[in-house]
Amino acid sequence: MPDEYYITNTAQLTSDEQTDVHRLLRESALYDGCLYDCFIENELSCHDNFPCFYQLYSYDGHLICFISLFFDQRDLFIYGITHPDYRHRHCFSGLLDSVFPALDKYHVPIKKIYFPVNTKFRCPAVNHYIRSGRICYDYSEYLMKKNLNLPISSIKSKGRSFFLPELEYEEQPSCSEYSLWVEDLYVGGCLIEYLSKTEAMIYQFGIVDEEQGKGYGKSGLILICRDLKDRQYSAVSLQVTGRNKKAHRLYTDCGFKIKDEIQYFILNKL
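Residues numbered from 1 in each chain as written. Predicted model: local features only at pLDDT ≥ 70, side-chain atom pairs only at ≥ 80, totals over all residues. Heavy atoms only, no water.

Novice: How would you explain the overall build of the protein chain if you had to name every residue and give the values?
Specialist: Each helix and strand in the protein chain was counted, giving 6 helices and 12 strands. Taken over the C-alpha atoms alone, the protein chain extends approximately 70 × 35 × 35 Å along its principal axes. Relative to its 270 residues, the protein chain shows a buried fraction of 45%. Contacts in the protein chain between residues far apart in sequence, at least 24 positions, make up 70% of those at least 6 positions apart. Counting every atom, the protein chain has about 15200 Å² of accessible surface; 47% of that belongs to carbon and sulfur. (Helix = DSSP H or I, 4+ residues; strand = E, 2+ residues; numbered from the N terminus. Buried < 20%, exposed > 50% of the residue type's maximum accessible area, 1.4 Å probe, protein only. Contact = heavy atoms within 4.5 Å. Areas by Shrake-Rupley, 256 points an atom, 1.4 Å probe, with all protein chains shown as cover.)

Rendered as structure tokens:
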């Protein structure tokens, strides 16, 4: 990596550093024609004082490469982005090399290390790691979207034992909630975030284990889509992992279509 750059790391991003990261993400997204998902929320860091943000600056003060680390139990997810003007200069690999000594220094227990990659643009560093055998594909996560202006499926009974769940809605300041009930029994639900005046996002949709296989998943999702349409929303999105074949099939059957794919590559050797 050239000498005209310098590296910083921190456990908490300042407001100025967050502004730098947002600018880097915005300029890269405009150049590559895709959106980048990058963990930059200070409050989500689960290791006190561990430097989970790594920045590569030019000496004239421009952020040219950024890496953030997100921990999910003992799995580590590494998010990174390099400015288009500075690619093919070993910036990402140079910055990444500063991450592993920190993991050793703070004795962070890691089981697996993942690199999430948007399939619309795969950075040169990731291609190099794939060719070298340093990382390999493990699974995908999909962003799926449904056009609520199109006809919504009807609910079909699964037999005499089928009861149509009742839908309840509770509005919250940051994230609202739908819950599904059969008589007085809670059978499932989800959280809802409103992305705009016309689009909503479903999180954590699920049916409790004891009530699965009774048709509540499909009927509940249809009820939620109908209610959102009645509230004048024209689109709803959700995320699903490719490992969950059952959920993926449910969403497809309910009219959701894949709009984006994130591939997760795993580091072969820690």
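Having seen the model, we can carry on.
Novice: Which residues make up the side chain of Ser-219, and what are the values?
Specialist: Tracing the backbone through its elements, the reader meets Ser-219 in helix 5 (residues 216–230). Within polar-contact distance, the side chain of Ser-219 engages the backbone oxygen of Gly-215 at 2.8 Å. (Polar contact = N/O pair within 3.5 Å; in protein donor to acceptor, adjacent residues only side chain to side chain.)

Novice: Can you break down the pairing of strand 2 (residues 53–58) residue by residue, with the values?
Specialist: Strand 2 sits mainly inside the fold: 6 of its 6 residues count as buried. Taking every second residue as pointing to the same face, both faces of strand 2 are buried, with Phe-53, Gln-55 and Tyr-57 on one and Tyr-54, Leu-56 and Ser-58 on the other. Across 6 bridges, strand 1 (residues 5–10) lies against strand 2 in antiparallel orientation. Residue Tyr-5 lies in a different strand from strand 2, and its bridge partner there is Ser-58. As paired elements, strand 2 and strand 3 (residues 63–72) share 5 bridges and run antiparallel to each other. (Pairing = 2+ DSSP bridges.)

Novice: Provide a residue-level description of the environment of Pro-84, including the pertinent values.
Specialist: Its location among the elements puts Pro-84 in the loop between strand 4 (75–82) and helix 2 (91–96). Judged by relative accessible area, which is 14%, Pro-84 ranks as buried. Along the primary structure Pro-84 and Ala-29 are separated by 55 residues, whereas in three dimensions their C-alpha atoms are 9.6 Å apart. When residues no more than four places from it in sequence are discounted, the contact partners of Pro-84 are Ser-28 and Tyr-31.

Novice: Please set out the nonpolar core residue by residue, giving values where relevant.
Specialist: If you look at the biggest cluster of nonpolar residues, it comprises 50 residues, and the most contacted ones within it are Phe-50, Phe-66, Ile-67, Leu-69 and Phe-115. The greatest single-element share of this core, amounting to 7 residues, is contributed by strand 3. Once residues lying within four places of it in the same chain are set aside, the contact partners of Ile-67 are Cys-52, Phe-53, Tyr-54, Ile-78, Tyr-79, Gly-80, Phe-92, Leu-95, Leu-96 and Val-99. With 28 residues, the next largest nonpolar core counts Leu-148, Tyr-178, Cys-190 and Leu-250 among its residues. (Core = buried A, V, L, I, M, F, W, Y, C linked by side-chain atoms within 4.5 Å.)

Novice: Please give an account of the pairing of strand 5 (residues 112–118) that cites residues and values.
Specialist: Of all 7 residues in strand 5, 6 are buried, a share of seventy percent or more. Bridging between strand 4 and strand 5 involves 3 bridges; their strand directions are parallel. Bridging across to strand 5, Asp-75 finds its partner in Lys-112. Sheet topology places strand 5 next to strand 12 (residues 257–267); 5 bridges connect them, and they run antiparallel. Residue pairing in the sheet places Phe-115 in a bridge with Phe-265 of strand 12.

Novice: Please set out helix 1 (residues 15–32) residue by residue, giving values where relevant.
Specialist: Between its first and last C-alpha atoms helix 1 spans 26 Å; for 18 residues at 1.5 Å apiece the expected length is 26 Å, and the two agree. Where the residues of helix 1 are buried, they touch strand 1, strand 2, strand 3 and strand 4. Gly-33 lies just past helix 1 and shows a positive phi near 75 degrees. (Expected span 1.5 Å × (residues − 1).)

Novice: Run through the sheet that holds strand 8 (residues 176–182), naming residues and quoting values.
Specialist: Taken in spatial order, the 12 strands line up as 1-2-3-4-5-12-6-11-10-9-8-7 in an open sheet, and their pairing is mixed. This sheet does not close on itself; its edge strands, each paired only once, are strand 1 and strand 7 (166–170). Mean inter-strand twist for the sheet, computed between neighbouring axes without regard to direction, equals 25 degrees. Direction of pairing for strand 7 relative to strand 8: antiparallel, over a ladder of 5 bridges. Counted as the bridge partner of Leu-167 is Leu-180 from strand 8. Contacting strand 1, strand 2, strand 3 and strand 4, helix 1 crosses the sheet at an angle of about 105 degrees to strand 3. Its contacts with the sheet place helix 5 against strand 6 (135–147), strand 7, strand 8, strand 9 (185–194), strand 10 (199–207) and strand 11 (235–241), and it is angled at close to 160 degrees to strand 10. (Axes fitted to C-alpha atoms, helices over the stretch in contact; angles between N-to-C directions.)

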